[in-house]
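The lines below spell out each chain.
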Amino acid sequence: GICFGHQVYAHSFQDSGSAGKCRAGPQAGRKTSQLTTTGQEFLKKPCASTTTSLDLFYTHGDMVEKLPPQGQVLGGNDQVPIQAAIYYSTKSTLNPRQVIAVTFQAHPEYATSKDKGLEKTLHNIIEAMKVRGDITEEERQQAKDDATREYESVRDQSVHAMISAGKTLGWFP
């Protein structure tokens, strides 16, 4: 699940998962998530990554507040503690548990191409957030400049995270 899918997935479990308004206010641009031990193991699967953080592009005003028992946090930050999650088929911590979903608050599609993903999608959504009053002019400019400057790094991390999700879910070897 991506963005709204991340929120819906957490909220759809009757065992206490929930989503709501982002307490830190609307988020736009590149955000860094500190990876949990589970998140570090998750990203290690497609290649020998030793990263402890993940930079992805975001535009959102809501967030996952709490995961159900079958969910586990992959990473987050002080403003949004659950930026990514992994869900298992059972609440039990006994192995083996089957992974049934991986969700991200981020938008990896913004990093698919510099012209369509970054400039025509992310930049336009950031502009719309400014027009709606969700972010200030300073936040708008900072988010756009940073996203442009850090595009290649975020693209690489987005691809890596999505490959990890696909491999974890058994979509490809």
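Everything below is about the structure shown above.
Draft legend 1. Geometry of the overall build of the protein chain. When you go through the protein chain residue by residue, the secondary structure sums to 5 helices and 7 strands. Each helix and strand of the protein chain, placed in order from N terminus to C terminus, yields the pattern α-β-β-α-β-β-β-β-β-α-α-α. At 16 Å, the protein chain has a C-alpha radius of gyration in line with the 16 Å of a compact globule built from 173 residues. Along the first, second and third principal axes, the C-alpha atoms of the protein chain reach 50 × 35 × 25 Å.

Draft legend 2. Structural detail: the packing of aromatic side chains. Evaluated as defined, the whole model comprises 2 aromatic pairs. Ring geometry for F42 against F104: centres 6.4 Å apart, planes inclined by 50 degrees, an arrangement best described as tilted. Of this pair, F42 sits in helix α2 (residues 37–44) while F104 sits in strand β7 (residues 99–104), and the two are 62 residues apart along the sequence. The exposure class of F104 is buried, given its relative accessible area of 3%.

Draft legend 3. How the structure looks around the side chain of K144. With respect to the helices and strands, the residue K144 is situated in helix α4 (residues 137–149). The buried category is assigned to K144, whose relative accessible area is 17%. Excluding residues that lie within four positions of it along the chain, K144 makes contacts with H123, I126 and E127.

Draft legend 4. Highlighting a nonpolar patch on the surface. Taken together, V159, I163, W171 and F172 make up a surface patch of nonpolar side chains, about 410 Å² in accessible area. Locating V159 in the fold gives a position in helix α5 (residues 151–168).

Draft legend 5. Geometry of the pattern of salt bridges. Applying the stated rule across the entire model yields 12 salt bridges. R132 is the salt-bridge partner of D134, the closest N and O atoms lying 2.8 Å from each other. A residue is classified by how much of its surface remains accessible, and D134, at 28% relative accessible area, is partly exposed. Three or more residues joined by partner-sharing salt bridges are found here, namely R30, D55, D146, R149 and E150.

Draft legend 6. Up close: the environment of Q34. Tracing the sequence through the fold places Q34 in strand β2 (residues 27–35). The partly exposed category is assigned to Q34, whose relative accessible area is 45%. C-alpha of Q34 to C-alpha of G75: the two residues are 41 residues apart in sequence and 5.3 Å apart in space. Apart from residues lying up to four places away in sequence, Q34 is in contact with T52, S53, L74, G75 and G76.

Draft legend 7. Molecular detail of the environment of F13. Here F13 is to be found in the loop between α1 (4–12) and β1 (18–21). Put simply, F13 and P68 are 55 residues apart on the chain and 6.3 Å apart in space, counted from C-alpha to C-alpha. For F13, the contacting residues outside a window of four places in its chain are P68, Q70 and Y87.

Draft legend 8. Main features of the packing of helix α3 (residues 114–131) against α4. Viewed as axis vectors pointing N to C, α3 and α4 meet at an angle of 170 degrees, and their least axial separation amounts to 9 Å. Relative to α4, the element α3 is oriented roughly antiparallel. Here K114, L118, L122, H123, I126, E127 and K130 of α3 come into contact with α4, specifically with E137, R140, A143, K144, A147 and T148. The residue makeup of the contact of α3 with α4, split by class, is 5 nonpolar, 2 polar and 6 charged.

Draft legend 9. Structural view of unusual backbone geometry. In this structure, C3 is a non-glycine residue whose phi angle is positive, near 50 degrees. Structurally, C3 is set in the segment before α1. Classification of C3 by relative accessible area gives buried; the value is 12%.

The rules behind the values
Residues numbered from 1 in each chain as written. Predicted model: local features only at pLDDT ≥ 70, side-chain atom pairs only at ≥ 80, totals over all residues. Heavy atoms only, no water. Helix = DSSP H or I, 4+ residues; strand = E, 2+ residues; numbered from the N terminus. Rg over C-alpha atoms; globule rule 2.2 N^0.38 Å. Phe/Tyr/Trp six-rings, centres within 6.5 Å; stacked < 30°, edge-to-face > 60°. Buried < 20%, exposed > 50% of the residue type's maximum accessible area, 1.4 Å probe, protein only. Contact = heavy atoms within 4.5 Å. Patch = residues over 30% accessible without salt bridge, like charges linked within 9 Å, V, L, I, M, F, W, Y side chains within 5 Å. Areas by Shrake-Rupley, 256 points an atom, 1.4 Å probe, with all protein chains shown as cover. Salt bridge = Lys/Arg side-chain N within 4 Å of Asp/Glu carboxyl O. Axes fitted to C-alpha atoms, helices over the stretch in contact; angles between N-to-C directions. Parallel < 35°, antiparallel > 145°, perpendicular 65-115°, else oblique. Nonpolar A, V, L, I, M, F, W, Y, C, P; charged D, E, K, R; others polar.

Don't take any of this as a statement about function, it's just geometry.
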